[in-house]
Structures are given as C-alpha cells and as structure tokens.
Amino acid sequence: MRILITAGPTREYIDDVRFLSNASSGRMGYALAAAAIAAGHEVVLVTGPVELAPPEGCDVYRIETTDELRERCLELFPCCDGVIATAAVCDYRPRTRVTGKITKTGQPIVLELVETSDVLAQLGTQKEHRWIVGFALESQDPRNNAMRKLRMKNCDCIVLNDTSAIGALTNAVEILSPEAETIAVYKGTKQHVAERLLELIKDSIHAKPRRA
Ligand code: CTP
C-alpha cells in the first residue's frame with residue numbers, strides 16, 4: 001500500500017512571531033509511519049513541527065499551517081491508496097495575520113478567530129476507491145462525537161482516543177466502523193497501537209470493496 005499519513009500539530013500565526021497551536025507530539029503518526037515502512041508499505045508523511053525524526057524511507061513534507069496541510073494533502077492523496085489522519089489540526093486561526101510583531105499598548109487586545117478548513121472532510125469528498133482512517137480526540141460523549149466525525153469526513157473507520165493521548169508515549173483506542181460497531185480495541189505504546197492498526201487496515205479496510 002501507499003499510505004498518506006498526517007502527523008503533529010498545525011500552527012496558526014497571530015503575527016510573524018506568535019502562533020496558536022496545541023501539544024501534539026506527532027508520536028502516533030510517526031509510529032504509524034515507522035510501522036508501515038517496517039511492514040513494507042510506502043509512506044507519504046505530511047507533518048507539522050515536531051521534535052521527532054521521520055522514519056527512514058518515508059517521503060516527508062513539512063507544513064506549519066492548516067492551509068499548507070490542506071494543499072499538500074489534496075496534492076498527494078490522489079497517488080495514495082488511503083490516508084491515516086493523526087494530525088492535531090488547529091480548528092481556529094486569527095482572521096488576519098499581522099505583518100511584523102504586535103507591540104504592547106498597555107490595553108487588552110481581542111483576537112478574532114475563524115474556523116480553519118477541515119482537511120479530512122475535503123479528502124472525504126475526493127475519496128473514490130481510496131480508504132480514509134480518521135482519528136477522533138474526544139473528552140465528552142466520545143462515541144457519538146466520533147461517529148459524527150466518521151460520517152462527516154466520509155471515513156471507513158475512526159480511531160477514538162481521549163485527550164490523555166496528546167503528547168503521551170502510550171495510547172488506548174477504540175476503532176469504530178461506519179455501522180457504529182467496535183471493530184477493535186488496542187492499548188499500549190503508540191508503536192504497539194500503530195502496528196495493530198496497520199494490520200487491521202491491511203486485512204479489513206484496504207482489502208474490502210468500498211463505495212466512493
Ligand atoms: N481534521 C482535519 N482538519 C481539521 C480538523 C480535524 O483533517 N480542520 C482531522 C484530524 O486529523 C482527525 C479528524 O479530522 O483525523 C478529527 O479531528 P478532531 O480534532 O478529533 O475533530 P474536529 O473535526 O477538529 O472536531 P472538534 O475539534 O470540534 O472535536
């Protein structure tokens with residue numbers, strides 16, 4: 001398989017030196033990339049800024065903003081068999097990016113935030129024969145929220161995890177099907193979870209005929 005993997009956080013700039021982001025380490029995506037390479041697959045890794053070295057053998061594309069992530073993914077998805085989207089994408093960006101550096105005035109300032117593009121949902125509209133595996137990071141009503149995302153983003157399955165996964169070495173995930181069934185539950189190091197998830201994708205998702 002040739003697999004597109006998104007990993008790490010995105011950044012949304014307030015001015016040329018300050019940005020909004022999140023605590024994603026990129027570990028889940030990088031573990032998936034390493035496990036996929038080890039299993040003999042080709043990997044196209046689109047990664048936000050993280051402190052990890054990409055596994056040898058991947059095609060690596062570095063991005064910072066959600067717009068850059070979207071452009072890269074739209075360009076690369078057509079030549080892949082599927083996508084695993086682990087990136088922790090900023091949902092909001094400042095309406096305008098100030099050129100230079102904002103100077104203090106002694107007064108409060110207000111940041112107006114607008115929603116960023118939903119990259120996975122856009123890939124979902126261009127899916128055709130390809131498969132889509134989304135991640136859902138939930139803190140409340142997890143199954144319902146994860147299922148809403150699966151449908152909205154046209155996923156073949158969604159990997160539900162909670163906020164303790166952010167920045168951690170381990171993960172505990174439940175994988176849900178479009179019929180809202182639990183296909184699998186994995187727990188352990190992100191490497192362990194990545195290896196199991198890739199086996200599941202190869203045997204049950206990639207092998208299965210799909211509707212566009
Ligand atoms: N995702 C994306 N583009 C976005 C937001 C999310 O591609 N702008 C992807 C993530 O990489 C993940 C899935 O969509 O695979 C779900 O991400 P998550 O952060 O759990 O949900 P959101 O859709 O952002 O919704 P919310 O933050 O409101 O829960």
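Look up a bit, the structure's there.
Described in the following lines is the structure provided in the data block. Counting of residues starts from 1 at the beginning of each chain's written sequence and follows it residue by residue. For this predicted model, a pLDDT threshold of at least 70 governs which residues receive local features, and a threshold of 80 or more governs which side-chain atom pairs are given and counted, while totals over whole chains, interfaces and linings are taken from all residues. Side-chain measures were taken over the full set of non-hydrogen atoms in the model, leaving aside hydrogen atoms and water.

As a further point, take the site of the ligand. Surrounding the ligand, one finds 15 residues, the nearest of these being Ala 85, Ala 87, Asp 91, Lys 149 and Lys 153. Under this definition, polar contacts are N or O atom pairs within 3.5 Å; protein pairs additionally need one hydrogen-donor-capable and one acceptor-capable atom, and for neighbouring residues in sequence, both atoms have to be side-chain atoms. Interatomic distance of 3.0 Å between a backbone N/O atom of Leu 137 and an oxygen atom of the ligand. The contact in question runs from an oxygen atom of the ligand to an N or O atom on the side chain of Lys 149, over 2.8 Å. Computed on the free molecule, the ligand has an accessible area of 570 Å², of which 79% lies beneath the protein chains in the complex. According to the grid-proximity analysis, the pocket containing the ligand is the largest pocket. Broken down by element, the residue count for the shell around the ligand peaks at four residues, all from strand β9 (residues 131-138). All amino acids are sorted into three groups, where Ala, Val, Leu, Ile, Met, Phe, Trp, Tyr, Cys and Pro are nonpolar, Asp, Glu, Lys and Arg are charged, and the leftover types, Gly among them, are polar. Residue classes in the shell around the ligand are distributed as eight nonpolar, three polar and four charged. The nearness test applies per residue and asks whether one of its heavy atoms lies within 4 Å of the molecule or strand. All accessible areas in this document rest on Shrake-Rupley with a 1.4 Å probe, and a residue is counted as covered only by the protein chains that are shown. In this analysis, the protein atoms alone were mapped onto a 1 Å grid. Cavities are point sets where a 1.4 Å probe fits without being able to get out; pockets are open sets with protein on both sides within 12 Å along at least five of seven lines; lining residues have an atom within 4 Å of a point. Cavity and pocket membership follows a simple rule, namely that a molecule belongs there if more than half of its atoms are within 2 Å of the grid points. For the purposes of this entry, the term helix denotes a DSSP run of H or I that reaches at least four residues, the term strand denotes a run of E that reaches at least two, and both are numbered from the N terminus.

With that settled, the discussion passes to the layout of surface pockets. Taken as a whole, the largest pocket holds about 980 Å³ of empty space. What lines the largest pocket is a set of 40 residues, and nearest its centre among them are Ala 87, Ala 88, Val 89, Asp 91 and Phe 135. Residues belonging to the lining of the largest pocket are distributed by class as follows: 18 nonpolar, 14 polar and eight charged. Grid points are joined across faces, edges and corners, and a volume is the space filled by probe spheres set on the points.

Examined bridge by bridge, strand β11 (residues 170-176) and strand β12 (residues 182-189) share seven bridges and lie antiparallel to one another. Residue Leu 176 lies in a different strand from β12, and its bridge partner there is Thr 182. Strand pairing follows a simple DSSP-based rule, namely that at least 2 bridges must link the two strands. Hairpin connection, β11 to β12: the antiparallel pair is bridged by five residues, and Ala 180 has positive phi, about 65°.

Before going further, it helps to spend a moment on helix α1 (residues 27-38). Within an α-helix, residues lying three or four positions from one another point in the same direction, as the helix has 3.6 residues per turn. A helix is expected to reach a length of 1.5 Å times the quantity of its residues less one. Given a rise of 1.5 Å per residue, twelve residues ought to cover 16 Å, and the 16 Å separating the end C-alpha atoms of α1 matches this to within 8%. Burial classes follow relative accessibility: with a 1.4 Å probe on protein chains only, a residue under 20% of its type's maximum area counts as buried, one over 50% as exposed, and anything between as partly exposed. For α1, the complete set of buried residues consists of Met 28, Gly 29, Tyr 30, Ala 31, Leu 32, Ala 33, Ala 35 and Ala 36. Where α1 is buried, its residues meet β1 (2-7), β4 (42-47), β6 (82-85), β9, β11 and α5 (190-206). Looking one or two places after α1, you find Gly 40, whose phi comes out positive at around 90°. Any two residues having at least one pair of non-hydrogen atoms within 4.5 Å are treated as being in contact.

Residues other than glycine predominantly adopt negative phi, and peptide bonds predominantly adopt the trans conformation. If you check the backbone angles, Glu 128 has positive phi at about 50° while not being a glycine. Topologically, Glu 128 is positioned in the loop between α3 (119-125) and β9.

What makes a nonpolar core is a set of buried Ala, Val, Leu, Ile, Met, Phe, Trp, Tyr and Cys residues whose side-chain atoms join them at distances within 4.5 Å. Residues Leu 32, Ile 84 and Ile 175 are the most contacted members of the largest nonpolar core, which totals 31 residues. Of all the secondary structure elements, the ones that give two or more residues to this core are β1, α1, β4, β9, β10 (157-162), β11, β12 and α5. If we ignore the near neighbours within four places in the chain, the residues touching Ile 84 are Ile 3, Leu 4, Ile 5, Thr 6, Leu 32, Trp 131, Val 133, Phe 135, Leu 198 and Ile 201. Listed in part, the 24 residues of the second largest apolar core include Val 46, Leu 76, Ile 132 and Leu 160.

What follows deals with the packing of aromatic side chains. Classification of ring pairs rests on two measures: the distance between centres of Phe, Tyr or Trp rings, Trp counted by its six-membered ring, which must be within 6.5 Å, and the angle between planes, read as stacked under 30 degrees, edge-to-face over 60 and tilted in between. Inspection of every chain in the model, using the stated rule, returns one aromatic pair. Between Tyr 13 and Phe 19, the aromatic rings sit 5.4 Å apart at their centres with planes inclined by 65°, giving edge-to-face as the arrangement. Among the residues examined, Tyr 13 registers a relative accessible area of 14% and is labelled buried. Charge-over-ring placement is defined geometrically: NZ (Lys) or CZ (Arg) within 6 Å of the ring centre, and within 35 degrees of the ring normal. Taking the ring centre of Tyr 13 as reference, the NZ or CZ of Arg 97 above it sits at 4.4 Å. Above the face of the Phe 77 ring, Arg 130 is positioned so that its terminal group lies 5.2 Å from the ring centre.

None of this, on its own, says anything about what the molecule does.
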